[in-house]
Amino acid sequence: MLKGVNQWCFPNQTPLEEVFAVSRKAGFDTVELNVYEPGNVGLTTDTTPEEAKAIRRQAEAHGIKLRSLSTGLLWGCPLSSADAEVRAQGREVISKQLELAEALEIDTVLVVPGKVDPETSYDACYERSQAELNLLSKAAEARGVRIGVENVWNNFLLSPLEMARYVDEVQSSHIGVYFDVGNVLKYGYPEQWIRILGQRIFRVHVKDFRPAVGTFGGFVPLLAGDVNWSAVRTALQEIGYSESLTAEISPYAVNGLQAVYDTARQIACIIDGEAR
């Protein structure tokens, strides 16, 4: 498996040249870039394919692979919205992810499918978001890019059986799962999810969590929480996963870049079987 780090692990607005250089120095194999609103550093919804290709060359110059692409923009325009215009905005964001991923020669983009809240019922979230993914699967297939649906704290897809059913019903080899180890610990066991989802898992996010805290304050550095990393590693090996383990960790409040170096060593322990 490859050691990966998300751009969010760096202090806000860190230049990409520094992101790639520090990631390589820390020992990472891959960097997961994010698509932001215009005005931010790196990829935005205004980035052209030619500009994206230049960024790929920049990463390659540092020996960094680009294997997946994320975004936080979908929280503002969920595919589950009752408003058709909002859903269309969400499709536009994902379409831009697919366009940039193709230019970057990345084969997987991360998608948060929607959210259940007082305005959006569970069944409505399921039906609306799945219908949008059915439409987007055609664009994904045309570009040769896969969509990985992430399990997040959105009150949705709360069991591995349902997650498997949800992506299977789209009936596209380009729709699968972007599995987040830490996110699932609040209501399940990641090693069980991994075995059930199996080959549906396109990519993996790693972070650690303490369920006794129960809030976002329970997310802690890798190896400092309650994830059974030995069991997770064994489960990933059993399903033949050999892609990136990408850390999604917040930078430290002081000396933010140190989090990148610490996380690289922690992921190495997980991959090498030294983490228990």
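Quick caveat: nothing in here was measured; it's all calculated off a predicted structure.

What about the packing of aromatic side chains?
Aromatic ring pairs are described here by two measures, namely the spacing of the ring centres and the angle between the planes. Summed over all chains, the structure comprises 11 aromatic pairs. Centre to centre, the rings of Tyr-126 and Phe-156 are 6.2 Å apart; their planes meet at 85 degrees, and the pair counts as edge-to-face. Of this pair, Tyr-126 sits in helix 4 (residues 122-143) while Phe-156 sits in the loop between strand 5 (146-150) and helix 5 (160-168); the two residues are 30 residues apart in sequence, bridging distant segments of the chain. With a centroid separation of 4.8 Å and an interplanar angle of 45 degrees, the aromatic rings of Phe-209 and Phe-219 are classed as tilted. On the criterion of sequence distance, the pair formed by Phe-209 in strand 8 (residues 208-209) and Phe-219 in strand 9 (residues 219-220) is long-range, its members being 10 residues apart. Look at Phe-209 and you get buried, because its relative accessible area is 0%. The partly exposed category is assigned to Phe-219, whose relative accessible area is 21%. Taken together, the ring pairs in this structure connect Tyr-122, Tyr-126, Phe-156 and Tyr-166 into an aromatic cluster. The ring centre of Phe-202 lies 4.0 Å from the NZ or CZ of Arg-146, which sits over that ring.

Observations regarding helix 1 (residues 16-26)
Among the residues of helix 1, Leu-16, Val-19, Phe-20, Val-22, Ser-23 and Ala-26 are the ones counted as buried. The inward-facing, buried residues of helix 1 contact strand 1 (2-6), strand 2 (30-35), helix 2 (49-61) and helix 9 (258-271). Just beyond helix 1, the residue with positive phi is Gly-27, at close to 110 degrees.

Calculation criteria
Each chain carries its own residue numbering, running from 1 in the direction its sequence is written. Reporting of local features is limited, given that this is a predicted model, to residues whose pLDDT is at least 70; pairs of side-chain atoms are given and counted only at 80 or more, and all residues count toward the totals for whole chains, interfaces and linings. Think of the side-chain values as coming from all heavy atoms in the structure, minus any hydrogens and water. When the centres of two rings from Phe, Tyr and Trp lie within 6.5 Å, Trp using its six-membered ring, the rings pair. Their planes under 30 degrees apart give stacked, over 60 give edge-to-face, and anything left gives tilted. Working definition: helices are DSSP H or I runs of at least four residues, strands are E runs of at least two. Numbering for both runs from the N terminus. When a residue's accessible area, from a 1.4 Å probe over protein chains only, is under 20% of the maximum for its type it is buried; when over 50% it is exposed; and in between it is partly exposed. Remark: a charge is flagged as sitting over a ring if the NZ atom of Lys or the CZ atom of Arg is within 6 Å of the ring centre and within 35 degrees of the ring normal. Working rule for contacts: check all heavy atoms of both residues, and any pair within 4.5 Å makes them a contact.

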